Amino acid sequence: MATSPGPLGEFLRAQRSRLTPADVGLPDVGRRRVSGLRREEVAVLAGVSIDYYTRLEQGRERTPSAQVVDAMCSALRLSPDAREHTFRLARLGPASRPEPGPVGPELLQLMDAFPHAAAYVVDPGFQILAANTTAKALLGPSQLALGAFDFLFLDPSARTYFVGWEHVARAAVSALRLAAGFADPHPAVTPLVSRMLAGSSEFAAFWADQTVAGLSLTEKIIDHPDVGRLTLTYQTLDVREAPGQQLTVATARAGSPSADALALLGTVEATRSTQP
């Protein structure tokens, strides 16, 4: 009976397929049946036997040492996020993250101190736990209620809300794969992946791509139904006091039309919240 390659084997194979010999300083010798590096080329770069690397990809070897995993990450030119993900798949990283609690009062106070920025906190399942006044107006009721992924893939309005929807969607899926790589991921992550795979063929295609990175997208262009187009810069930070929570702050270039529109959103939302 054939052995399943498992998550680690699938991930290694996907990363190998992305590289060319030129990417890693190897000569391109002989005809290639498939794209990417050959197994023997990765084995040479990592300093392991071809048989051992083949067994890793095929799932017949599932307990590599940290030294071997580090060598494979270097051979495959993995980013820091992808390297961390590989260690978790090999069961060498932290088994799980502590369960994040509610958003702390100090963080809520900090978010409210950003009058010209949209600040919000998500949990590992990308549900929005808290948002300041401007963020509530920017995100809108649907996104606040559904969460980032359900809005992005299952709400048709997301296609017009995000300019360059596919770029935003791919970055989000990459971040979700990172969250799903823990041996014991947050309870919301696995159901979220299953729901998205069942509900969106585009999500399934992006998920199969095996790209992994944190929330690294730093600019988004949004067509907001209330104020029109905004070009925003996003910074995402881990909340040290509540591991698993992430704070995102969206800002616009000072003096730009986007900054004026973002300020207007905050004013409109503040007015709404005071109305009976």
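Conventions used here
Counting of residues starts from 1 at the beginning of each chain's written sequence and follows it residue by residue. Per-residue local features of the predicted model are confined to residues with pLDDT of at least 70, and side-chain atom pairs are confined, for both listing and counting, to 80 or more; whole-chain, interface and lining totals are unaffected and use all residues. Excluded from the side-chain calculations are hydrogens and water; all other atoms, namely the structure's heavy atoms, are used. The way it works is that DSSP assigns letters per residue, a run of H or I at least four long becomes a helix, a run of E at least two long becomes a strand, and they are numbered from the N terminus. Here a helix's expected span is defined as the number of its residues, less one, multiplied by 1.5 Å. Each residue is placed in one exposure class: buried if its accessible area under a 1.4 Å probe, protein chains only, is under 20% of its type's maximum, exposed if it is over 50%, and partly exposed if it falls in between. Here, a salt bridge means any side-chain nitrogen of Lys or Arg that lies within 4 Å of a carboxyl oxygen of Asp or Glu. Whether two residues are in contact is decided by their heavy atoms, any of which lying within 4.5 Å being enough. Only strands joined by at least two bridges in the DSSP assignment are considered to pair. Side-chain atoms within 4.5 Å link the members of a nonpolar core, which is a set of buried Ala, Val, Leu, Ile, Met, Phe, Trp, Tyr and Cys residues. The aromatic pairing rule takes the rings of Phe, Tyr and Trp, using the six-membered ring of Trp, and pairs them if the centres are within 6.5 Å, calling planes under 30 degrees apart stacked, those over 60 edge-to-face and the rest tilted.

A. Region of the structure containing helix 10 (residues 165–180). Its 16 residues place the ends of helix 10 22 Å apart at the C-alpha level, agreeing with the 22 Å of an ideal helix rising 1.5 Å per residue. Turning to helix 10, its buried residues are Trp165, Val168, Ala169, Ala172, Val173, Ser174, Ala175, Leu176, Arg177, Leu178 and Ala179.

B. Inspection of the pattern of salt bridges at higher detail. The final tally for this structure, using the stated rule, is 12 salt bridges. One salt bridge in this structure joins Glu57 and Arg16, with 2.7 Å as the shortest N-O distance. With Glu57 in helix 3 (residues 50–58) and Arg16 in helix 1 (residues 6–18), this pair connects stretches of sequence that are 41 residues apart. By relative accessible area, which is 10% here, Arg16 ends up buried. A salt bridge links Arg159 to Glu202; the nearest nitrogen and oxygen atoms lie 2.6 Å apart. Of this pair, Arg159 sits in helix 9 (residues 158–161) while Glu202 is found in helix 12 (residues 201–208), placing the two residues 43 residues apart along the sequence. A relative accessible area of 30% places Glu202 in the partly exposed class.

C. Quick peek at helix 5 (residues 80–89). Looking at helix 5, one finds that the buried residues are Ala82, His85, Thr86, Phe87, Arg88 and Leu89. For helix 5, the elements touching its buried residues are helix 1, helix 4 (66–75) and helix 10. Immediately downstream of helix 5, the backbone of Arg91 shows phi near 60°, a positive value.

D. Focus on the environment of Pro156. By secondary structure assignment, the location of Pro156 is in the loop between helix 8 (148–154) and helix 9. Through-space distance from the C-alpha of Pro156 to that of Ser79 is 33 Å; in sequence the pair is 77 residues apart.

E. A look at the pairing of strand 2 (residues 128–131). Two elements, strand 1 (residues 118–122) and strand 2, share 3 bridges in a ladder whose sense is antiparallel. From the neighbouring strand, Val121 faces strand 2, where its bridge partner is Ala130. Once strand 1 ends, the chain turns through 5 residues before running back antiparallel as strand 2, passing Phe126 with a positive phi of about 65°.

F. Inspection of the nonpolar core at higher detail. Counting 41 residues, the largest nonpolar core has Leu138, Phe149, Phe153, Phe162, Leu176, Phe203 and Leu232 as the members making the most contacts within it. Looking at which element gives the most residues to this core, the answer is helix 10, with 8 residues. Discounting residues that sit within four places of it in the chain, Phe162 has contacts with Gln143, Phe151, Leu152, Val168, Lys220, Ile221 and Ile222. In terms of nonpolar packing, the next biggest core, distinct from the first, is built from 27 residues, Leu19, Val24, Ala46 and Val69 among them.

G. Just the packing of aromatic side chains, in detail. One pass over the full model with this rule turns up 11 aromatic pairs. Relative to Phe153, the ring of Phe149 lies with its centre 6.1 Å away and its plane at 15°, an arrangement referred to as stacked. Here Phe153 and Phe149 lie together in helix 8, a separation of 4 residues that amounts to about one turn. On the basis of relative accessibility, which here comes to 5%, the residue Phe153 falls in the buried class. With 6.3 Å between their ring centres and 40° between their planes, Trp165 and Phe206 make a pair best called tilted. Taken together, the positions of Trp165 in helix 10 and Phe206 in helix 12 put the pair 41 residues apart, joining distant regions of the chain. Each member of the pair, Trp165 as well as Phe206, carries the same accessibility label: buried.

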